[in-house]
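# Inside the fold
For reference, the chains in residue letters:
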Amino acid sequence: MKRSFKALTLGVSAVALIAGAAAAEMDYGSFDGYTLRVKLIGGAQYEPLYAEIGEWEEMTGATVQILSRQNHFELDREIKQDIAAGTLNWCVGSNHTSFAPQYGNIYTDLRELISEDVLAEFVPLVLEHSTVGGRLVQLPRHSDVSNLFYIRSLYEDEENAAAFEAEYGYPLAPPETWEQVRDQAMFFADPPNFFGTQFVGRDEAITGRFYEMLVAEGGQLFTDDWEPAFNSEAGVRALSWFVDLYDAGVVPAGVPNYLWDDTGLGFASGSVALNLDWAGWAAFFNDEDESAIAGDVGVTRAPMGSAGLRTGWSGSHTFSITETCDNKEAAASFITFLTDHDRQMVEARRGLLPTRTAVWDTAMGEFREAGDDFLAEVFETFQTSMTEDAFTPPLIAEWIEVSNELWPRLQSAMVGDMSPQDALDKAAREALIIMEDAGYR
Amino acid sequence: MFRAIRTRQTTLAPLVLLLPAFTVMLFVVAMPLAFSFYTSLTPYRLTRPESIEIYIGARNYIRLWDNAAFWAAFWRTILFLAIALNVELLLGLGIALLINKLTWGQRTLRTIMMFPMMFSPILVGFQFKFIFNDNIGIVNNALQSLGLIDRAIPWLVDAQLAMFSIIVAEVWMSTSIFAILLLAGLLAMPRDPIEAARVDGCNSWQVFRHIPLPFLMPFIFIAMTIRSLDVARAYDIVHVMTGGGPAGRTELLWTLIARVGYNNARMGEANAMAYVSTLLSIAFTVFFFRKLMAARRYMGGAE
Amino acid sequence: MSRAVRQRVQAVALWIATFLLMVIMCIPGLWVVLSAFRPNREILARPPVWVPERLTFNNFAKIFGLGDAQVAIPVGSYFMNSVVIALTSTFVALVIGMAGGYAFARFRFRFKNSLFLSLMLFRTVPGIALSLPLFMLWSRLGIIDTQMGLIIVYIALNVPFTIWLIDGFFRQIPMSLSEAAQVDGCTRWQAFWKIEFPLAKGGIAAAGVFAFLTSWNEYALAAQLTRSTDSKTLPVGLMDFTAQFTIDWAGMSAMAVIIIVPALILTFLVQKHLIRGLTFGGVKG
């Protein structure tokens, strides 16, 4: 793997900073003969990082035993089983900011294990998102937030521009507001061969999309004393945005059943004009071998809702250490290593968003140097949204449960079984019961 | 004295022979079931292990009475089973009759017939998810290429089509089992009466209704009983294809239970649902088993 | 045309018609097999690519970690786990099934029908209701993520149906045969092995195929009770092709072929016994 000299020096200095906290030696401690038991998230985009584990083993003399490596939802179920059966006999687990609050106190507070100097190098907002109930239960590995990808040539076409301005009364440009996204989606759509935009339609995915739209419309999920408040006017406006586009047929007819793979592959097939999507897809969209629109992809910050706020649903993949861990120092050394400057560069080169401030700059410099202006632009755009727009769902244990009440009702409105107001009212009633049962009210 | 030992042996022997079977069933099924019954009487949540010690009586069950989503899933599951099992039976019977007619080359076709049985339910789910995809799925692409439709049909979204699609997947996976069991029945059947009836001038339907059909009835009930034993494996298919959505249109008991139990971590409530769903499976099985016994008595074959 | 020739032509026509019908029925499965040899871009293309432009073994190479692939799927361990678990559980289920089937077929005892039915009803409990209690029980016993843990579960899954088939089969064998052997000085045990077992082989083979296919393809319980390459089976391995955001359909299809082929070969080999076994076993049992 080629590394620019600049990246290398920066990497070394980052390591030096960490080591500086642990006296002068440039290492991660020594845990000779110790076997660290870990559970990691698996899948193509996560695996390259694990190839680095050998280096840590060599430095510390410890062995890493990967107990399981599966996708996030399987891992979530496995951890819940472990809690139930009392088999938390492992040390490090992959985690996610949206899932972490569910696990109660099984994970330890990392502020007691990792020095302030190290933590100071992470993006502060991301560390805040990793904190549950005042405890830093996870160390962020990479973050994600969505921005708007679009097919550039559609906007460079002068005929399009003239026709659009004649019809909608303002010049055609990458959209700044969701209102404009709606206009442009309607303008570009030519079903069933070409669609204006698309969105995911099931599971926590649509809950999240609705939630960020709700925020952008000036609404909130819960009042300050945890009463569900998403059935407000802002909520109806947010949901109607999805419903209207679905009714108009400018999104694929199957969206209520779509998940991330459907939207990603759909955009790459070149049959969708605008696509709000995660940073992780950027490299894929621009890859000649995978995508029909390589070289023709534009990216712009996620548009604003009527409240002037941008949609910025965000989450981070993280590592946590169990309370029951028998060698927390080794575990802390391990996750610090996996999230250090060089390790984050391994992931950044594949388009994943780093959580250390310095890595952003190194990565962008490296992309520029290599002449990859697209990826540099992507990182610039995403850095802005990570620092200015990003927000997480409420970090409460009941989030997934509330989501499971909410998304079937969002679908009901989309497919026309209920009006948006009725759908949200019904979901709010169910959510209220969950919150009451959980003792919030 | 010799006689006495013999008698004791004959009463003991079946018990000894059945002991392994019942031991393994008690160990793997009954014990976990007893445990899950207990948890259905608690507000047990996976993420709060201590909640298993709170006894709340039948509250989970009482709540189920008012749970509209549960009852919708309950009736939808019955509908799903009724349609799927009957379609599988009819198709399986048709295939069995066809193959039975062949005078040579049966073995190859029998193997081809069993091809879908090689597919794991989880794979069948993924396979039909792609086949029915509205944008890049093979079904819509074929219909569009043939010029039969000019817009994408949302197979997995539309109120009727979504159920239709998961039933197609389930039928595809399980028709072979019916076909092979019924084919076995046909092959075991004496041919002479049919020839005689033909000679007497009966048409095919008359022949079929009066001779093979009564003979096949026990086989049909066997197939039905066997299938109703493991219908729950349709869970894998539905879970992958639609996740019970959209808007709960394809929600079956099993997807609902899995979501409540694992995603929402409310195991107590989920186990109460699971108990009701077990009763449903038992009802189906007992129903067909009774029919089977009756058909056997009618045939005069049983003891 | 002579009568014989006409019959022959009719038979061929019927065979071809049936064959075509079977092929149509198999299309959804054949599509998976075809996908195993095509790149993702072509399978998921829009507009569709009907005639494959090129067939490739890349998907298989990727699974085994050859070429420029990222990470190999530990398909070797999955395969071995599947083989060990499916074969062992089938064998034990058959032994238990023979014992049970023989008991039901050859002895009279109280509550016989109720016992038989109750054994069947154990099987109706949906896996989703068993998964958590089983997990907790198994973790107390320390057999989570072991081949043994899954083998025990699959034995229980297969015993009821195995008993059913074998019971029916033993009933078809006249009691007088083994009685005659016993008169000639054989013990009941010897009579069973020398007379009844050889006659029942077809039925046992049929039960074996069903049991094997059930274990080979089971996913829901295996997903709960296995975690690592120590015990993960092939169907669970299919999930390695799904990540949070993507599904590698071509890779999954290639893996599917690896799962299907051994099952298909086995079925073809014992197919003759299978039909014979079912024919004689089912009806009067």
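Residue positions are given per chain, counting from 1 as you read along its sequence in written order. Labels follow written order: the first chain is A, the first ligand is 1, and so on. Thresholds applied to this predicted model are a pLDDT of at least 70 for local features of residues and 80 or more for the giving and counting of side-chain atom pairs; totals over whole chains, interfaces and linings are not thresholded and use all residues. Hydrogen atoms and water are omitted, and side-chain values are computed over all heavy atoms in the structure.

### What about the overall build of chain B?
In terms of regular secondary structure, chain B is built from 13 helices and zero strands. Only DSSP runs of H or I with at least four residues qualify as helices, and only runs of E with at least two residues qualify as strands; both kinds are numbered from the N terminus onward. Walking chain B from its N terminus toward its C terminus, one meets helices and strands in the order α-α-α-α-α-α-α-α-α-α-α-α-α. Principal-axis analysis of the C-alpha atoms places the extent of chain B at approximately 85 × 75 × 30 Å. Three exposure classes are used, based on accessible area relative to the maximum for each residue type with a 1.4 Å probe and protein chains only: buried under 20%, partly exposed in between, and exposed over 50%. Burial statistics for chain B: of 303 residues in total, 59% are counted as buried. Note on contacts: a residue pair is in contact if any heavy atoms of the two residues lie within 4.5 Å. Pairs at least 24 apart in sequence give 67% of the contacts found in chain B among residues at least 6 apart. When the accessible surface of chain B is summed, it comes to about 12,600 Å², and 66% of that surface belongs to carbon and sulfur atoms. Each accessible area is a Shrake-Rupley estimate made with a 1.4 Å probe; only the visible protein chains count as cover when residues are assessed.

### Observations concerning the overall build of chain C
Along its length, chain C carries twelve helices and zero strands. Going from the N terminus to the C terminus, chain C shows its helices and strands as α-α-α-α-α-α-α-α-α-α-α-α. Radius of gyration here is computed from C-alpha atoms only, and the compact-globule reference equals 2.2 Å multiplied by the residue count raised to the power 0.38. Taken over the C-alpha trace, chain C has a radius of gyration of 24 Å; the compact-globule value for 285 residues is 19 Å, which it surpasses by more than 25%. Dimensions of chain C along its principal axes, counting C-alpha atoms only, are 75 × 75 × 30 Å. In chain C, which comprises 285 residues, the share counted as buried stands at 58%. Look at the contacts in chain C between residues 6 or more apart in sequence, and 72% of them connect residues 24 or more apart.

### Some details on the pairing of strand S9 (residues 314-321) of chain A
Every regular strand shows the same layout, with side chains that alternate between the two sheet faces. All names here are of chain A. Of all eight residues making up S9, eight are buried, and the element is well covered by its neighbours. Side chains of S9 alternate between two faces, with Ser 314, Ser 316, Thr 318 and Ser 320 and Gly 315, His 317, Phe 319 and Ile 321 buried alike. Each pair of strands is called paired provided DSSP finds at least two bridges between the two strands. Bridging between strand S3 (residues 92-96) and S9 involves five bridges; their strand directions are antiparallel. Paired with His 96 across the strands is His 317, a residue of S9.

### Topic: the packing of helix H10 (residues 203-216) of chain A against helix H18 (residues 399-414) of chain A
Residues and elements named next belong to chain A. In this analysis an axis means a line fitted to C-alpha atoms, helices contributing only their contacting stretch, and an angle means the value between N-to-C directions, from 0 to 180 degrees. Running from N to C, H10 and H18 cross one another at 80°; their axes reach a closest spacing of 8 Å. Considering the angle they form, H10 stands roughly perpendicular to H18. Contacts between H10 and H18 involve Asp 203, Glu 204, Ile 206, Thr 207 and Phe 210 on the former and, on the latter, Trp 399, Ile 400, Ser 403, Leu 406, Trp 407, Leu 410 and Met 414. Grouping the amino acids of the contact of H10 with H18 by side-chain chemistry returns eight nonpolar, two polar and two charged. When describing relative orientation, an angle under 35 degrees is termed roughly parallel and one over 145 degrees roughly antiparallel, while 65 to 115 degrees is termed roughly perpendicular and anything else oblique. Gly is placed with the polar residues, together with every amino acid not listed as nonpolar (Ala, Val, Leu, Ile, Met, Phe, Trp, Tyr, Cys and Pro) or charged (Asp, Glu, Lys and Arg).

### Details of the interface of chain B and chain C
Between chain B and chain C, the residue contacts involve 96 residues of the former and 93 residues of the latter. We count a salt bridge whenever a side-chain nitrogen from Lys or Arg sits within 4 Å of a carboxyl oxygen from Asp or Glu. For the pair chain B and chain C, the number of links is zero salt bridges. For the purposes of these results, a polar contact is taken to be a pair of N or O atoms within 3.5 Å, where, inside protein, one atom must be able to donate a hydrogen and its partner to accept one; residues adjacent in sequence count only when each atom of the pair is a side-chain atom. Along the contact surface separating chain B from chain C lie seven residue pairs in polar contact (both at pLDDT 80 or more). The greatest single-element share of the side of chain B that touches chain C, amounting to 20 residues, is contributed by helix H1 (residues 2-39) of chain B.

### Details of the domain arrangement of chain C
All names here are of chain C. An automatic or database domain assignment provides the domain bounds reported here. Under the domain assignment, chain C is made up of domain 1 (3-63) and domain 2 (75-282). Its C-alpha centre places domain 1 at a distance of 31 Å from the equivalent point of domain 2. Taken together, the eleven residues of domain 1 in the interface contact twelve residues of domain 2. Buried area adds together the accessible area that both of two parts lose upon being put together, with accessible area traced by a 1.4 Å probe. Approximately 970 Å² of surface area, both sides summed, lies buried where domain 1 meets domain 2, with 80% of it carried by carbon and sulfur atoms. Looking only at domain 1, the three residues that lose the most surface to domain 2 are Val 32, Asn 40 and Ile 63, adding up to 48% of its buried area. On the surface where domain 1 and domain 2 come into contact, there are zero salt bridges. At the junction of domain 1 and domain 2, the tally comes to zero residue pairs in polar contact (both at pLDDT 80 or more).

### A closer look at the interface of chain A and chain C
Of the residues lining the interface, 33 residues belong to chain A; the matching set on chain C comes to 23 residues. Of the roughly 2,400 Å² buried where chain A meets chain C, counting both sides, 51% is carbon and sulfur surface. Applying the counting criterion to the chain A and chain C interface returns two salt bridges. Taking the shortest distance from any N to any O, the salt bridge between Arg227(C) and Glu78(A) comes out at 3.6 Å. On the surface where chain A and chain C come into contact, there are five residue pairs in polar contact (both at pLDDT 80 or more). Breaking the side of chain A that touches chain C down by element, the ones donating at least two residues are strand S2 (63-70), helix H4 (72-85) and helix H12 (260-268) of chain A. If one sorts the elements of the side of chain A that touches chain C by residue count, H4(A) sits on top with eight residues. Class assignment of the residues belonging to the side of chain A that touches chain C gives a composition of eleven nonpolar, ten polar and twelve charged.

### Notes on the packing of aromatic side chains
Two rings belonging to Phe, Tyr or Trp (six-membered ring only in the last case) form a pair when the distance between their centres is within 6.5 Å. Interplanar angles under 30 degrees mark stacking, angles over 60 mark edge-to-face geometry, and anything in between is tilted. Using the criterion set out here, one finds 68 aromatic pairs over all chains in the structure. Ring centres of Trp65(B) and Trp71(B) lie 5.5 Å apart, and the angle between their planes is 25°; this geometry places the pair in the stacked category. Arranged with centres 5.9 Å apart and planes meeting at 55°, the rings of Phe116(C) and Trp164(C) form a pair that is tilted. Within this pair, whereas Phe116(C) is found in helix H5 (residues 112-122), its partner Trp164(C) is found in helix H7 (residues 147-172), the two being separated by 48 residues in sequence. Like Trp164(C), Phe116(C) is buried. Each member of the aromatic cluster is reached from another via a ring pair, and the members are Tyr150(A), Tyr155(A), Phe164(A), Tyr168(A), Tyr170(A), Phe187(A) and Phe188(A).

### With respect to the pattern of salt bridges
Taken as a whole and assessed by the stated rule, the structure comprises 39 salt bridges over all chains. Residues Arg301(A) and Asp389(A) are paired through a salt bridge, measuring 2.9 Å at the closest nitrogen-oxygen approach. Taken together, the residues span a long stretch of sequence, with Arg301(A) in the loop between strand S8 (297-300) and S9 and Asp389(A) in the loop between helix H17 (373-388) and H18 at a distance of 88 residues. For Glu380(A), the salt bridge is made with Arg368(A), and the minimal N-O distance between the two is 2.4 Å. Of the two residues, Glu380(A) sits in helix H17 while Arg368(A) sits in helix H16 (residues 357-369), which places them twelve residues apart along the sequence. Assessed through its relative accessible area of 39%, Glu380(A) is described here as partly exposed. The exposure class assigned to Arg368(A) is partly exposed, which follows from its relative accessible area of 44%. One salt-bridge network, in which partners are shared between bridges, spans Glu401(A), Asp437(A), Arg45(B), Arg63(B), Arg266(B) and Glu269(B).

### As for the environment of Ala295(B)
Residues and elements named next belong to chain B. Counting through the fold element by element, Ala 295 comes out in helix H13 (residues 267-299). A residue is classified by how much of its surface remains accessible, and Ala 295, at 9% relative accessible area, is buried. Here the alpha-carbon distance between Ala 295 and Leu 148, two residues 147 residues apart in the chain, equals 46 Å. Residues within four places of Ala 295 in sequence aside, it is in contact with Met 217, Pro 218 and Phe 221.

### Looking at the environment of Arg135(A)
All names here are of chain A. Along the polypeptide, Arg 135 turns up in strand S5 (residues 135-136). Arg 135 sits 26 residues away from Asp 109 along the chain, and the two C-alpha atoms are 5.2 Å apart. If near-sequence neighbours (up to four positions away) are discounted, Arg 135 is found in contact with Asn 105, Tyr 107, Thr 108, Asp 109, Ser 130 and Glu 323. Of the polar contacts made by the side chain of Arg 135, one reaches the side chain of Asn 105; its length is 3.4 Å. In this structure the side chain of Arg 135 is engaged in a polar contact, spanning 3.2 Å, whose partner is the side chain of Glu 323.

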